[in-house]
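Single-letter residue listing:
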Amino acid sequence: MAESWLDEIAAARDGLDRTSTAAWVAGLLRAQITDGRLVPGAQLPEKELAAAVKVSRNTVREAFRLLVQERLLVHEFNRGVFVRRVTADGLADLYRVRRILECEGVRCAPDAPRGALARLEAAVLDGEGAAAAGDWPHVGTADIRFHQALAALVGSPRVDEMIQHLLAEMRLVFHEMGSPREFHEPYLARNRRLYDLIAEGDVAAAERELRSYLDDAEAQLTKAYRSTE
């Protein structure tokens, strides 16, 4: 690989002030997955990663272990560590849990702080701006941020952590679609509609829209999975 993602991780080294260095490295890798830079099947070079962030290889192995537990990486004996491909069964379970967390976010919207709604709108605007610029991979990233912001309306750090991990897996799923534009473009207007309903205080309509949205996305992705089996 042309390791541009390694360069970004190396540049983040100055931000290391966490208690757990391994968790910090895991967070950097998770962010690369969420932003679409690390794709399913990519092998992670332990030695080069350790050098990039100036940590021991043992620390990198611990970071890998954390991400294996999150279902983002897979260790293959005598081959190394790879970014995981989500299975069709895993896809169904992701959507099962997303409905629980994101619909609860919608229901909590009337009591959410103004800043939480602002982050939701910012994600919508980011996606629309990226689409106008023809940057469809970034539209996917903005979509991930939008759904993170939906769940954040709950106001729970535990929910925030759960949705962060789930949506990192979702970014791996997005790579199953051949054309980022074909997949993401229809959802730009739906993100805008969801935000507008929430901002207007129509929680019931927003939840109906979100459930329909998630049903449609799951069906579309499931069809793509079946076409590759």
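Provided above is the structure to which this section pertains.
A brief look at the structure comes next. (Residues numbered from 1 in each chain as written. Predicted model: local features only at pLDDT ≥ 70, side-chain atom pairs only at ≥ 80, totals over all residues. Heavy atoms only, no water.)

Concerning the overall build of the chain
- A tally of regular secondary structure across the chain gives ten helices and two strands.
- For the chain, the sequential pattern of α-helices and β-strands runs α-α-α-α-β-β-α-α-α-α-α-α.
- Since a compact globule built from 229 residues should have a radius of gyration of about 17 Å, the 18 Å found for the chain is in line with a globular shape.
- Sorting the 229 residues of the chain into buried and exposed places 49% on the buried side.
- For the chain, the proportion of contacts with a sequence separation of at least 24, taken over those separated by at least 6, is 73%. (Helix = DSSP H or I, 4+ residues; strand = E, 2+ residues; numbered from the N terminus. Rg over C-alpha atoms; globule rule 2.2 N^0.38 Å. Buried < 20%, exposed > 50% of the residue type's maximum accessible area, 1.4 Å probe, protein only. Contact = heavy atoms within 4.5 Å.)

Points about the nonpolar core
- Leu29, Leu44, Leu150 and Met170 are the most contacted members of the largest nonpolar core, which has 69 residues in total.
- Top contributing element to this core by residue count: helix H10 (residues 203–228), with ten residues.
- With residues up to four places along the chain from it excluded, the contact list for methionine 170 reads Leu94, Tyr95, Arg98, Ile144 and Leu221.
- In terms of nonpolar packing, the next biggest core, distinct from the first, is built from five residues, Ala131, Trp136, Val139 and Leu188 among them. (Core = buried A, V, L, I, M, F, W, Y, C linked by side-chain atoms within 4.5 Å.)

Focus: empty space enclosed by the protein
- Inspection of every chain in the model, using the stated rule, returns two cavities of 30 Å³ or more.
- By volume, the largest cavity is sized at about 100 Å³.
- Contributions of two or more residues to the lining of the largest cavity are made by helix H5 (88–108), helix H7 (136–152), helix H8 (157–174), helix H9 (180–199) and H10.
- Approximately 70 Å³ is the volume attributed to the second largest cavity.
- As for the second largest cavity, its lining consists of Ala123, Val124, Gly127, Val139, Ala142, Asp143, Phe146, His184, Tyr187, Leu188 and Asn191. (1 Å grid on protein atoms, 1.4 Å probe; cavity = no way out; pocket = protein on both sides within 12 Å on 5 of 7 lines; lining within 4 Å. Points joined across faces, edges and corners; volume = space filled by probe spheres on them.)

Some remarks on the environment of arginine 65
- Relative to the elements of secondary structure, arginine 65 occurs in helix H4 (residues 57–69).
- With a relative accessible area of 40%, arginine 65 lands in the partly exposed category.
- Residues arginine 65 and alanine 22 lie 43 residues apart in sequence; the distance between their C-alpha atoms is 9.3 Å.

Quick look at unusual backbone geometry
- A positive phi angle is found at lysine 54, which is not glycine, with a value near 60°.
- Checked against the element boundaries, lysine 54 lands in the loop between helix H3 (46–53) and H4.
- Despite not being glycine, arginine 71 shows a phi value in the positive range, around 70°.
- Looking at the element boundaries, arginine 71 is found in the loop between H4 and strand S1 (73–76).

Describing the pairing of S1
- Pairing geometry for S1 and strand S2 (residues 80–83), over four bridges, is antiparallel. Its bridge partner being in S2, glutamate 76 is matched across the sheet by glycine 80.
- The turn joining S1 and S2, which pair antiparallel and follow one another in sequence, is formed by three residues; a positive phi near 65° is taken by asparagine 78. (Pairing = 2+ DSSP bridges.)

Regarding the packing of aromatic side chains
- In this structure the tally under the stated criterion is three aromatic pairs.
- Measuring from ring centre to ring centre gives 5.4 Å for phenylalanine 174 and phenylalanine 183, while their planes differ by 55°; the resulting arrangement is tilted.
- Phenylalanine 174 sits in the buried class, given a relative accessible area of 9%.
- Phenylalanine 183 gets classed as buried once you look at its relative accessible area, which sits at 4%.
- Measuring from ring centre to ring centre gives 5.0 Å for tyrosine 187 and tyrosine 213, while their planes differ by 55°; the resulting arrangement is tilted. Placement of the pair is tyrosine 187 in helix H9 and tyrosine 213 in helix H10, with a sequence separation of 26 residues. Comparing tyrosine 187 with tyrosine 213, the two get one shared label, buried. (Phe/Tyr/Trp six-rings, centres within 6.5 Å; stacked < 30°, edge-to-face > 60°.)

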